[in-house]
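Structure at a glance
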Amino acid sequence: MAKELWKGNEAIAEAAIKAGCRFFFGYPITPQNEIPEYMAMKMPQIDGGCFLQAESEVAAINMVYGAAGSGARVMTSSSSPGISLKQEGITYIAGAELPCVIVNIVRGGPGLGGIQPAQSDYFQACKGGGHGDYRLVVLAPASVQEAVDLVQEAFDIADQYRNPVMILGDGMIGQMMEPVEFTEVKKRKLPGKPWATVGTKGERSGNVINSLFIDPAECEKHNFKLFEKYSEIEKNETKVETYNMEGAEIVFVAYGTTSRIVKNAINALAKDGIKAGIIRPITLWPYPQKAIAEAAEQASVKAFLTVEMSMGQMVEDVRLAVNGKKPVHFYGRTGGMIPTPKAIVEEAKKILGGAK
Amino acid sequence: MGKVTFDENRCKGCELCTTVCPAKIVVMDKDRINVKGYHVATVKEMDKCTGCASCARICPDVVIRVER
Amino acid sequence: MAVVFEKTKALTDKPFHYCPGCTHGIIHRLVAEVLEELNLVEKTIGVAPVGCAVFAYDYFNCDMQEAAHGRAPAAATGIKRVNPKAAVFTYQGDGDLASIGAAEIVHAAMRGEKITTIFVNNAIYGMTGGQMAPTTLIGQKATTAPYGRVEDHAGLPLRVSEMLATIPKAVFVERVSVHDVKHIIQAKKAIKKAFQAQMEGKGFTLVEVLSTCPTNWGKTPVESLKWLEENMIPYFPLGNFRNTEEVK
């Protein structure tokens with residue numbers, strides 16, 4: 001299959017459709033509008049496809065809940081402020097153990113913030129965002145091709161574990177155009193959905209989709225059940241990429257588009273005789289603690305430098321994984337400002353005590 | 001009888017004013033552009049102006065000042 | 001020669017960022033003129049929406065707050081409860097008020113919040129690039145209704161004025177237009193009555209202003225005025241739907 005040039009947002013929408021997504025509920029917000037717009041164009045042309053622009057992000061996530069509870073493959077998309085609005089709906093979906101895909105094309109924050117790319121929603125995505133003990137599987141593509149591959153896999157992960165899955169992109173992933181090849185993502189063996197509300201047909205008792213467990217013992221039991229599931233996900237679904245780690249003196253940790261800027265910095269440092277490597281988490285939850293802990297034990301490694309388009313969120317998880325064995329530094333730009341390879345190189349040299 | 005002044009750098013060349021002048025004297029100056037790059041509205045036959053302020057009322061950018 | 005028309009002091013000197021021919025500029029000016037003429041500018045607090053008018057706080061010469069999308073009536077409620085003697089207004093587009101903010105506007109009207117809402121209806125989402133609004137007409141194309149709005153799928157456009165006029169504490173509700181000078185003058189009269197009703201403590205007041213969006217309608221500013229007159233007015237009739245004289 002030939003490579004085609006696709007805009008990130010549109011490729012994400014097409015990938016969802018290829019994965020069998022037939023329901024999309026969304027609301028306009030910059031910089032992800034091409035996702036609902038593409039869905040508006042394509043869904044009516046597909047048998048059983050449905051696109052609906054909801055009256056708000058709150059309404060949209062609740063439409064997702066209803067469709068997911070009836071067993072459908074369903075998606076919503078938004079950007080930071082809209083994702084904040086969805087938090088209540090997201091915890092209901094997690095609590096009711098429903099599958100769905102939520103796309104966040106991150107922009108500057110907090111509040112109305114800006115419309116340019118950022119990575120300041122890491123805490124929101126990985127540490128809750130909504131109330132209660134729950135987890136989202138969070139996938140962070142670094143290119144439009146990777147976004148396409150991860151979106152397709154996201155629906156399978158969601159169905160396999162009955163959990164919402166978030167695609168954490170940023171404004172660059174959404175707006176860039178890159179070559180993309182739509183390949184058949186390896187299909188998983190998935191359980192059926194006997195729990196879905198589709199009508200009893202007189203063949204069984206009624207299914208109930210809810211997240212209310214008013215008896216505290218039952219509620220605790222439910223929480224333990226959720227966390228057994230999250231253990232399984234941690235065991236099976238962690239994804240990470242490492243590059244140039246052999247003999248590395250400084251280890252970068254970065255995700256998404258920032259990781260590509262860091263790779264440029266790594267190549268520039270190599271020209272100055274400095275060995276730098278990168279650990280690139282692809283799943284932000286479950287987090288690749290093991291890869292980072294192992295790098296912390298590596299003798300050549302003098303320090304870690306986390307680079308994010310935020311005031312420092314993922315760096316806390318890096319510190320936890322390094323567990324005091326080596327110093328962990330942070331460099332970031334935010335509000336839509338993009339870090340440059342040059343600045344990252346300077347930061348690395350400062351940490352290592354000047355150029356060699 | 002009437003006189004209009006255009007705060008030209010506010011003008012965006014939308015042409016709404018040219019459609020409402022009863023004396024039909026508001027025109028777009030196609031020979032030059034303002035600092036924003038738009039052709040601005042102007043009046044070349046000021047002696048025909050009645051000071052009705054129709055142009056000023058429809059202007060979305062508060063460009064026009066009217067005296068009578 | 002005497003000055004018969006100049007920029008009101010209730011507007012700042014900052015040039016508007018709106019597209020050429022966008023009627024937001026006219027409506028801002030009418031609101032500001034009314035505030036000046038009623039001597040309210042010094043005690044006015046306005047609430048800006050999310051939409052093209054998100055920077056409205058740069059243009060009015062009075063206290064302004066920015067609200068989250070659709071939540072302006074809720075912010076205005078807090079402001080007016082703290083400042084009962086202030087003139088409080090919200091300025092909202094059709095996405096802000098009739099879509100995400102549908103609950104907030106209904107409940108502000110229900111409670112009879114003594115505020116004035118200026119509702120700018122241009123049948124489209126402007127700022128985000130032309131998506132369908134609750135007020136988009138049947139057959140009208142938008143980026144999320146690329147084949148045109150279809151009644152079976154997306155229902156019929158919302159008539160906000162008629163709807164809110166059923167709420168007892170919505171004491172002044174009128175729909176106006178700004179597509180020509182005669183209607184601009186009528187629009188200003190309605191806005192003035194709305195603020196007067198607020199200051200008399202009568203209840204919730206709203207003026208719906210039919211407006212253009214040349215950029216997302218794909219028309220010139222002059223063509224847009226015509227499109228408004230020929231297509232919007234038949235579905236959104238102009239007139240008063242609730243007047244304070246009726247209110248006991």
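What comes next concerns the included structure. These numbers come from a predicted model, not from an experiment.

1. Describing the overall build of chain A
Scanning chain A from terminus to terminus reveals 12 helices and 14 strands. Computed over C-alpha atoms, the radius of gyration of chain A comes to 21 Å, within 12% of the 21 Å expected from 2.2 N^0.38 for 356 residues, which places it in the range of a compact globule. In terms of its C-alpha atoms, chain A occupies a principal-axis envelope of roughly 75 × 50 × 40 Å. With 356 residues in all, chain A has 56% of them scored as buried. Considering only intrachain contacts with a sequence separation of at least 6, the fraction spanning at least 24 residues in chain A is 80%. Entry remark: accessible area of chain A is about 14,600 Å², with carbon and sulfur atoms responsible for 54%.

2. Re the interface of chain A and chain C
Taken residue by residue, the interface counts 21 residues in chain A and 17 residues in chain C. Taken together, the connections running from chain A to chain C amount to 0 salt bridges. Between chain A and chain C we count 12 residue pairs in polar contact (both at pLDDT 80 or more) in total. Among the elements that take part in the side of chain A that touches chain C, helix 2 (residues 34-42) of chain A stands out by supplying 4 residues, more than any other. In terms of residue class, the side of chain A that touches chain C is made up of 13 nonpolar, 5 polar and 3 charged.

3. Thoughts on the nonpolar core
Across soluble globular proteins, nonpolar side chains show a tendency to be buried alongside one another. If you look at the biggest cluster of nonpolar residues, it comprises 95 residues, and the most contacted ones within it are A:Met75 and A:Phe304. No other element matches helix 6 (residues 144-161) of chain A, which puts 10 residues into this core. Apart from the residues lying within four places of it in its own chain, the contact partners of A:Phe304 are A:Val251, A:Val253, A:Ile292, A:Ala295, A:Ala296, A:Val318, A:Val322, A:Lys326, A:Pro327, A:Val328 and A:His329. Core analysis: the next-biggest nonpolar cluster, separate from the first, contains 44 residues, C:Ile118, C:Ile184, C:Val209 and C:Leu225 among them.

4. Observations regarding the interface of chain B and chain C
Facing 27 residues of chain B, the contacting portion of chain C comprises 29 residues. A combined buried area of about 2,200 Å² lies between chain B and chain C, and 67% of that area is made up of carbon and sulfur atoms. Among the residues of chain B in contact with chain C, B:Arg10, B:Arg57 and B:Val62 are the three that bury the most area, contributing 27% of the side total. At the boundary of chain B with chain C, the tally comes to 1 salt bridge. For C:Glu6, the salt bridge identified is with B:Arg65, shortest N-O distance 3.3 Å. At the junction of chain B with chain C, the criterion picks out 10 residue pairs in polar contact (both at pLDDT 80 or more). Put simply, the parts of the chain that give the side of chain B that touches chain C at least two residues each are helix 1 (54-58) and strand 4 (64-67) of chain B. The residue inventory of the side of chain B that touches chain C, partitioned by class, reads 13 nonpolar, 4 polar and 10 charged.

5. Some thoughts on helix 4 (residues 80-95) of chain A
All names here are of chain A. The terminal C-alpha atoms of helix 4 lie 22 Å apart, and with 16 residues this matches the ideal 22 Å at 1.5 Å per residue to within 8%. Lysine 86 marks the point of greatest bend in helix 4, at about 50°. Looking at the buried side of helix 4, the elements it contacts are helix 3 (57-69), strand 4 (74-78), strand 5 (100-106), helix 5 (122-126), strand 7 (164-170) and helix 8 (216-237). With its phi angle positive at about 55°, glutamate 97 sits one or two positions after the end of helix 4.

6. Regarding the arrangement of the chains
When the 2 pairs of chains in contact are compared, the highest contact count belongs to chains B and C. Across all C-alpha pairs, the smallest distance from chain A to chain B is 24 Å, and the two are not in contact.

7. Some words on the packing of aromatic side chains
Taken as a whole, this structure holds 16 aromatic pairs over all chains when the rule is applied. Where A:Tyr65 meets A:Tyr92, the ring centres are 6.4 Å apart and the plane angle is 75°; that geometry is what we call edge-to-face. Of this pair, A:Tyr65 sits in helix 3 while A:Tyr92 sits in helix 4; the two residues are 27 residues apart in sequence, bridging distant segments of the chain. Under the relative-accessibility criterion, A:Tyr65 is labelled buried at 18%. Ring geometry for C:Tyr18 against C:Tyr59: centres 5.8 Å apart, planes inclined by 55°, an arrangement best described as tilted.

8. A short note on the sheet that holds strand 1 (residues 3-6) of chain B
Here we have 3 strands laid out as an open sheet, ordered 1(B)-4(B)-1(C), and antiparallel in their pairing. Both outer strands of the open sheet, strand 1 of chain B together with strand 1 (3-5) of chain C, are each paired with one neighbouring strand and no more. Taking each pair of neighbouring strands and ignoring which way they run, the sheet shows an average axis angle of 30°. Judged from the 4 bridges that link them, strand 1 of chain B and strand 4 of chain B form a sheet pairing that is antiparallel. The partner of B:Lys3 across the bridge, within strand 4 of chain B, is B:Glu67.

Rules used throughout
- Residues numbered from 1 in each chain as written.
- Chains lettered and ligands numbered in written order.
- Predicted model: local features only at pLDDT ≥ 70, side-chain atom pairs only at ≥ 80, totals over all residues.
- Heavy atoms only, no water.
- Helix = DSSP H or I, 4+ residues; strand = E, 2+ residues; numbered from the N terminus.
- Rg over C-alpha atoms; globule rule 2.2 N^0.38 Å.
- Buried < 20%, exposed > 50% of the residue type's maximum accessible area, 1.4 Å probe, protein only.
- Contact = heavy atoms within 4.5 Å.
- Areas by Shrake-Rupley, 256 points an atom, 1.4 Å probe, with all protein chains shown as cover.
- Salt bridge = Lys/Arg side-chain N within 4 Å of Asp/Glu carboxyl O.
- Polar contact = N/O pair within 3.5 Å; in protein donor to acceptor, adjacent residues only side chain to side chain.
- Nonpolar A, V, L, I, M, F, W, Y, C, P; charged D, E, K, R; others polar.
- Core = buried A, V, L, I, M, F, W, Y, C linked by side-chain atoms within 4.5 Å.
- Buried area = accessible area lost by both parts, 1.4 Å probe.
- Expected span 1.5 Å × (residues − 1).
- Bend = angle between axes of the 7 residues up to and from the residue.
- Phe/Tyr/Trp six-rings, centres within 6.5 Å; stacked < 30°, edge-to-face > 60°.
- Pairing = 2+ DSSP bridges.
- Axes fitted to C-alpha atoms, helices over the stretch in contact; angles between N-to-C directions.

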